[in-house]
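Structural characterization, general
Here are the chains, one letter per residue:
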Amino acid sequence: MRLAAHPKSEARRPPARPVLRDARAGDAAAVAILLGQLGYPCSRGDAARRIATLLEDPTQSLVVAEFHGDLCALLALDTMYYLPLGAPTCRITSLIVDEAHRRDGLGRLLLREAERRARACGAVRIELTSAAHRHAAHAFYKASGYEESSLRFVKRLGEA
C-alpha cells in the first residue's frame, strides 16, 4: 500500500517552472506539432530541416519552453540591420504556446526572453506580425506593451 503525501510536504516543494533553452534537432516532433497548431502543418522531417536551417544562421534564434517535461512552446527570432533606423531590429517570426498550456504565463515568459535577446544583440526595437484573424493574440500582444504600427502586404512567390 502506498501512502499519500502529507499536504505540508507538498506545500514545501517549489512549483515547477518552465525552462527556456535553445532548440535542438531532437525537438523536431514537438516543433512539428506546435507549427501545426499555428496553422503551418509539417512533418517531423520538415521540422528537423527547419530547425537545422535556423541553427546554422547566427542571426536566427529558436527557443523552446519545457514545462513538466513537455516541450510546450517555441519562439523564433530574426535579427537584422534595418536601413530606415540605421540600427539592428529584431522580429519575432513565430511564437506558439501549446493549446493545453495557454494562459499559463508561457507567452509572456517568451516575450520577455525575446526582448532580452533583442537587447543583447543591440536591437533598437522588436516587432512581430500576426494574422488578421488571431484576435486573442492581438489582445495578448497589446496587453504586453506592443502596438499596431504598420500594414503588411504579401505576395506569394511559391508554394509557401
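This text follows the structure it describes.
Just so it is clear, the structure is predicted and the values come from calculations on it, not from any experiment. (Residues numbered from 1 in each chain as written. Predicted model: local features only at pLDDT ≥ 70, side-chain atom pairs only at ≥ 80, totals over all residues. Heavy atoms only, no water.)

1. Some words on the environment of Arg50
In this fold, Arg50 is placed in helix 3 (residues 44-56). Remark: the alpha-carbon pair of Arg50 and Val31, spanning 19 residues in sequence, is separated by 9.5 Å. Setting aside its immediate chain neighbours within four residues, Arg50 contacts Leu35, Tyr40 and Cys42. (Helix = DSSP H or I, 4+ residues; strand = E, 2+ residues; numbered from the N terminus. Contact = heavy atoms within 4.5 Å.)

2. Considering unusual backbone geometry
If you check the backbone angles, His68 has positive phi at about 55° while not being a glycine. Turning to its location among the elements, His68 is positioned in the loop between strand 2 (60-67) and strand 3 (70-82). Located in the positive-phi region is Arg103, a residue other than glycine, with phi close to 75°. With respect to the helices and strands, the residue Arg103 is situated in the loop between strand 4 (87-97) and helix 4 (106-120).

3. A look at the packing of aromatic side chains
The full count for this structure, using the stated rule, is two aromatic pairs. Measuring from centroid to centroid gives 5.4 Å for Phe140 and Tyr141, while their planes differ by 55°, and the two rings are tilted. Residue Tyr141 is classed as buried on the basis of its relative accessible area, which comes to 11%. An aromatic cluster of at least three residues, connected via ring pairs, comprises Phe140, Tyr141 and Tyr146. Across the ring face of Tyr82, the terminal group of Arg125 is positioned such that the distance to the ring centre comes to 4.6 Å. (Phe/Tyr/Trp six-rings, centres within 6.5 Å; stacked < 30°, edge-to-face > 60°. Buried < 20%, exposed > 50% of the residue type's maximum accessible area, 1.4 Å probe, protein only. Lys NZ or Arg CZ within 6 Å of the ring centre and 35° of its normal.)

4. Considerations on the nonpolar core
Generally speaking, nonpolar side chains in soluble globular proteins are found buried as a group. Leu75, Leu77, Ile92, Leu95, Leu110 and Leu111 are the most contacted members of the largest nonpolar core, which totals 19 residues. If one sorts the elements of this core by residue count, helix 4 sits on top with five residues. In this view, Leu77 contacts Thr59, Gln60, Ser61, Cys90, Arg91, Ile92, Thr93, Ala114 and Arg117; residues no more than four positions away in its chain are not counted. Counting 17 residues, the second-largest nonpolar core is a separate cluster that includes Leu35, Cys42, Leu62 and Ala76. (Core = buried A, V, L, I, M, F, W, Y, C linked by side-chain atoms within 4.5 Å.)

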